[in-house]
Amino acid sequence: MRVFVTGASGWIGSAVVPELIAAGHQVVGLARSDASAAALTKAGAEVRHGSLDDLEVLREATAESDGVIHLAFKHDLAFSGGFDAATEADRRAIDTLGEALAGSGRPLVIAAGILGLAPGRVATEEDGQPTGRAGGAGTEAAASGPAGRLANSHAALAFADRNVRASVVRLPPTVHGDGDHGFLAAVVAIAREKSVSGYVADGAARWPAVHRDDAARLFRLALENAPAGSTLHAIGDQGVPIRAVAEVIGEHLGVPVASVAPADAAAHFTWLADLLALDSPASADRTRALLGWRPTGPGLLDDLGEGHYFAAPTA
């Protein structure tokens, strides 16, 4: 296929692109900077210049493609107080991509999150499903916070009723691997700064996880084979206790491991406090059965143990 990929030079996209090319697909990557364009060219992809706000660029690139993988999200805006604005931009992009594919039977695969989907129990692919589908744009008005991204995934799935092979790949909070600058890297940075590797309360809260290469393979499989309307889980580790994560971090940094009282968590962990206290395990049993996907990369604790998260920060 000729595949249009948004977020193609990002953390996950930079693994999805070579995964697709190795499988014989041609990749067209959206690039909003010269650096992103150079990275895509080096990887063997064709470059389409633009951003998520360039809706006409998205529409034209989609019309010229055999399928779309939508990975881009304005994380910089979201993590600087503009989460709802980032979600609204994502919704406009999803509606544009879906409308361009409507009636074609071609695939649209989008990324979504899983943290907080079913707190305190193991979330499955059946959780968080829309109660009804109304057909793309206008489906389920955007909500604030994480509910907004869930509504966006519902909007994407609604295009299945308009002859788009739409599917959603839900990602855990940590898609880990060498070069990760996400949540896990932030936890390591806090431990280094505070000279203590902390966890909230008893540290029993569990996070699901997946290695980046395994996530990339699932996006390819979804593009190639996922039935219309599928919700898929990119889950390697079903749930790793945050205390276990803190213990590995403490060992590698040579700092003590300690509980942080919930009342003090915001001061210690800043924006990560609520997330680290959220017990949110998840399974991928249905995904594995549906697509034959089997994670082969190292688990979260083994990956942490390899040491690449603890390289001394550069000036």
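These numbers come from a predicted model, not from an experiment. (Residues numbered from 1 in each chain as written. Predicted model: local features only at pLDDT ≥ 70, side-chain atom pairs only at ≥ 80, totals over all residues. Heavy atoms only, no water.)

Draft legend 1. Expanded view of helix α9 (residues 262-269). Among the residues making up α9, those that are buried are Ala265, His268 and Phe269. The buried residues of α9 occupy one face: seen down the axis, they fall within an arc of 80°. When the buried face of α9 is taken as reference, the exposed residues oriented beyond 90 degrees from it are Ala263, Ala266 and Ala267. Those residues of α9 that are buried lie in contact with α6 (183-194), β8 (197-200), β12 (257-260) and α10 (273-276). Immediately downstream of α9, the backbone of Thr270 shows phi near 50°, a positive value. (Buried < 20%, exposed > 50% of the residue type's maximum accessible area, 1.4 Å probe, protein only. Helix = DSSP H or I, 4+ residues; strand = E, 2+ residues; numbered from the N terminus. Arc of directions from axis to C-beta. Contact = heavy atoms within 4.5 Å.)

Draft legend 2. View of the layout of surface pockets. Of the pockets and cavities examined, the second largest pocket occupies roughly 290 Å³. In the lining of the second largest pocket, the residues fall into eight nonpolar, four polar and three charged. (1 Å grid on protein atoms, 1.4 Å probe; cavity = no way out; pocket = protein on both sides within 12 Å on 5 of 7 lines; lining within 4 Å. Points joined across faces, edges and corners; volume = space filled by probe spheres on them. Nonpolar A, V, L, I, M, F, W, Y, C, P; charged D, E, K, R; others polar.)

Draft legend 3. Representation of the nonpolar core within the structure. Of all hydrophobic cores here, the largest spans 39 residues; its most connected members are Ile69, Val169, Leu171 and Phe219. Looking at this core, the elements with two or more residues in it are β1 (2-6), α1 (13-22), β2 (26-31), α2 (34-43), β5 (107-113), β6 (165-171) and α7 (212-225). Here the element with the most residues in this core is α7; it accounts for seven residues. Not counting chain neighbours up to four residues away, the residues in contact with Ile69 comprise Val3, Phe4, Val5, Thr6, Val16, Leu20, Val109, Phe219 and Leu223. Of all hydrophobic cores here, the second largest spans 28 residues; its members include Trp207, Ala246, Ala273 and Leu300. (Core = buried A, V, L, I, M, F, W, Y, C linked by side-chain atoms within 4.5 Å.)

Draft legend 4. Representation of the sheet that holds strand β11 (residues 237-241) in the model. Here we have three strands laid out as an open sheet, ordered β7-β9-β11, and mixed in their pairing. Each edge of the open sheet is held by one strand with a lone partner, namely β7 (174-176) and β11. Going from strand to strand, the sheet's axes swing by 40° on average, the running direction of each strand aside. Pairing of strand β9 (residues 206-211) with β11 involves three bridges; the strand directions are antiparallel. Looking at β11, one finds that Arg206 is bridged to Pro241. Relative to β9, α7 is tilted by about 70°, and along the sheet it contacts β7 and β9. Packing against the sheet, helix α8 (residues 242-253) makes contact with β9 and β11, and its axis sits at approximately 65° to β11. (Pairing = 2+ DSSP bridges. Axes fitted to C-alpha atoms, helices over the stretch in contact; angles between N-to-C directions.)

Draft legend 5. Layout of the confidence of the model for the chain. Here the chain shows a mean pLDDT of 93. Residues at 70 or above account for 94%. Residue range residues 133-138 is modelled with pLDDT below 50. Its contacts to residues more than four positions away, or to other chains, number 17 contacts. (pLDDT = per-residue confidence, 0-100.)

Draft legend 6. Spotlight on the packing of aromatic side chains. Tallied over the entire structure, the rule returns three aromatic pairs. Centre to centre, the rings of Phe73 and Phe83 are 6.0 Å apart; their planes meet at 55°, and the pair counts as tilted. With Phe73 in the loop between β4 (67-70) and α4 (75-101) and Phe83 in helix α4, the pair connects residues that are 10 residues apart, well separated along the chain. Seen from their ring centres, Phe183 and Trp207 are 6.0 Å apart, and the 50° between their planes marks the pair as tilted. Taken together, the residues span a long stretch of sequence, with Phe183 in helix α6 and Trp207 in strand β9 at a distance of 24 residues. For the pair Phe183 and Trp207, a shared accessibility class is recorded, and that class is buried. Above the face of the Phe73 ring, Arg149 is positioned so that its terminal group lies 3.8 Å from the ring centre. Against the face of Trp11 rests Arg212, its NZ or CZ located 4.1 Å from the ring centre. (Phe/Tyr/Trp six-rings, centres within 6.5 Å; stacked < 30°, edge-to-face > 60°. Lys NZ or Arg CZ within 6 Å of the ring centre and 35° of its normal.)

Draft legend 7. Focus on α2. Along α2, the residues that are buried comprise Ser36, Ala37 and Leu40. All buried residues of α2 fall inside an arc of 100° around its axis, so they share one side. Exposed side chains of α2 directed beyond 90 degrees from the buried face belong to Asp34, Ala35, Thr41 and Lys42. On its buried side, α2 packs onto α1, β2 and β3 (46-49). Following α2 by one or two positions, Gly44 adopts a phi angle in the positive range, close to 100°.

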